[in-house]
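# Residue-level structure breakdown
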Amino acid sequence: MRRLAPLLLIAAPVPVLADSALPPARLAYTQLPDPRQEAEAQKLMTTLRCLVCQGQSIADSDAEMAGDMRALVRRRIAAGERPEAIRAWLIARYGDYVTYDPPLGWSTAPLWIAPILLLIGGGWLAAGAFKRRRRG
């Protein structure tokens, strides 16, 4: 235990330093003045995954990076850019993981095929169990 004490003293302040002291981005928590543009931004933000929280969209997350991504989406929509173009840019920058609907490809094939295989395997096991129960 005495050997761990210096390590604990070094590691204890690390979570405190994890967040920056910078103020949030200008449009991170401010809606756009045009309701139509804000609706487009909100619709896009709910389809993008927070890279820090991973289980939340950038619209729901309070992570600093999610705030920066919200501000980026709002800025680009206010500048007249199409939501599809913004989404494509974010995917090109952060990869398919930033979207909740990854395209079917070699790297994402297990995500799409695994549920089907699990259902087939579960059906096969259930059928075998029912056959054994009828015999016995």
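Preceding this section is the structure that the text describes.
Below: a short report on this structure. (Residues numbered from 1 in each chain as written. Predicted model: local features only at pLDDT ≥ 70, side-chain atom pairs only at ≥ 80, totals over all residues. Heavy atoms only, no water.)

### Describing the overall build of the protein chain
Worth spelling out the cut-off: Each helix is a run of H or I in the DSSP string that is no shorter than four residues. Each strand is a run of E no shorter than two, and both are numbered from the N terminus. Relative accessibility decides the category of a residue: with a 1.4 Å probe and only protein chains considered, values under 20% of the type maximum give buried, values over 50% give exposed, and everything between is partly exposed. Residues are treated as being in contact if the distance between any of their heavy atoms lies within 4.5 Å. Only the protein chains shown count as cover for residues, with accessible areas throughout obtained via the Shrake-Rupley method and a probe of 1.4 Å.
A tally of regular secondary structure across the protein chain gives five helices and zero strands. Looking at the protein chain as a whole, 24% of its 136 residues qualify as buried. Long-range contacts, defined as pairs at least 24 residues apart, comprise 53% of the intrachain contacts of the protein chain with a sequence gap of at least 6. Here the protein chain displays about 10,200 Å² of accessible surface, and carbon together with sulfur accounts for 64% of that area.

### Some details on helix α4 (residues 83-94)
The criterion, for reference: The span one expects for a helix is its residue count, reduced by one, times 1.5 Å. Taken from the helix axis, the directions to the C-beta atoms give the arc we talk about.
Its twelve residues place the ends of α4 16 Å apart at the C-alpha level, agreeing with the 16 Å of an ideal helix rising 1.5 Å per residue. Within the span of α4, buried status applies to Pro83, Ile86 and Leu90. Down the axis of α4, the buried side of the element spans an arc of 60°, and every buried residue falls inside it. Exposed residues pointing more than 90 degrees away from the buried face of α4 are listed as Glu84 and Ala92. Close packing links the buried residues of α4 with α2 (35-45) and α3 (64-78).

### Overview of the layout of surface pockets
Convention followed: Definitions used for this entry: grid spacing 1 Å over protein atoms alone; cavity, a set of points where a 1.4 Å probe fits but cannot get out; pocket, an open set with protein on both sides within 12 Å along at least 5 of 7 lines; lining residue, one with an atom within 4 Å of a point. Grid points are joined across faces, edges and corners, and a volume is the space filled by probe spheres set on the points. Three classes are used, and their members are as follows: Ala, Val, Leu, Ile, Met, Phe, Trp, Tyr, Cys and Pro are nonpolar, Asp, Glu, Lys and Arg are charged, and the others, Gly among them, are polar.
Each pocket or cavity is described by its volume, and for the largest pocket that value is around 150 Å³. Lining the largest pocket are Glu40, Lys43, Leu44, Thr47, Pro83, Glu84 and Arg87. Counting residues per element, the ones that place at least two in the lining of the largest pocket are α2 and α4. Taken together, the residues of the lining of the largest pocket sort by class into two nonpolar, one polar and four charged.

### Looking at a nonpolar patch on the surface
What counts, and what does not: A residue counts toward a patch only above 30% relative accessible area and without a salt bridge, and it is joined to like-charged neighbours within 9 Å or, for Val, Leu, Ile, Met, Phe, Trp and Tyr, to nonpolar neighbours within 5 Å. Salt bridges are counted wherever a side-chain nitrogen of Lys or Arg sits within 4 Å of a carboxyl oxygen of Asp or Glu.
Residues Leu104, Leu111, Trp112, Ile113, Ile116, Leu117 and Ile120 make up a contiguous nonpolar surface patch of about 750 Å² in total accessible area. Its location among the elements puts Leu104 in the loop between α4 and α5 (109-135). On the basis of relative accessible area, Leu104 is assigned to the exposed category, the value being 65%.

### Observations concerning the side chain of Arg49
Rules: When charges are tallied, Lys and Arg are placed among the positive residues and Asp and Glu among the negative ones, while His and the ends of the chain are skipped. Between N or O atoms, a polar contact is any pair within 3.5 Å; within protein, one atom must be a potential hydrogen donor and the other a potential acceptor, and residues adjacent in sequence are included only when both atoms are from side chains.
Positionally, Arg49 belongs in the loop between α2 and α3. For the buried Arg49, which has no salt bridge, the nearest side chain bearing the opposite charge is Asp101, at an N-O separation of 9.1 Å. A distance of 2.8 Å separates a polar side-chain atom of Arg49 from the backbone oxygen of Tyr97. The residues touching Arg49, leaving out its near neighbours within four places in the chain, are Gln54, Gln56, Ser57, Ile58, Met69, Tyr97, Val98, Thr99 and Tyr100.

### A closer look at α5
If you check α5, its first and last C-alpha atoms are 39 Å apart, about what 27 residues at 1.5 Å a residue would give, namely 39 Å. For α5, a buried count of one out of 27 residues is recorded, marking the element as mostly open to its surroundings.

### Focus on the nonpolar core
Put simply, the test is: Side-chain atoms within 4.5 Å link the members of a nonpolar core, which is a set of buried Ala, Val, Leu, Ile, Met, Phe, Trp, Tyr and Cys residues.
With 18 residues, the main nonpolar core has Leu48, Ile58, Val73, Ile77, Ile86 and Leu90 as its most contacted residues. Mapped by element, the contributors of at least two residues to this core are α2, α3 and α4. Of the residues forming this core, the biggest block, six residues, is contributed by α3. For Ile86, the contacting residues outside a window of four places in its chain are Leu44, Val73, Arg76, Ile77 and Glu81.

### Regarding the packing of α3 against α4
Rules: Think of each axis as a best-fit line through the C-alpha atoms, taken over the contacting stretch in the case of a helix, with angles from 0 to 180 degrees between the N-to-C directions. Should the near helix be turned anticlockwise from the far one by less than a right angle, the crossing is left-handed, and should it be turned clockwise, the crossing is right-handed.
Relative orientation of the contacting elements α3 and α4 amounts to 140°, with a least axis distance of 10 Å. Relative to α4, the crossing made by α3 is right-handed. Between α3, through Met65, Met69, Leu72, Val73, Arg76 and Ile77, and α4, the contact on the second element is made entirely by Pro83, Ile86, Trp89, Leu90 and Tyr94. Along the lines of polarity and charge, the residues of the contact of α3 with α4 split into ten nonpolar, no polar and one charged.

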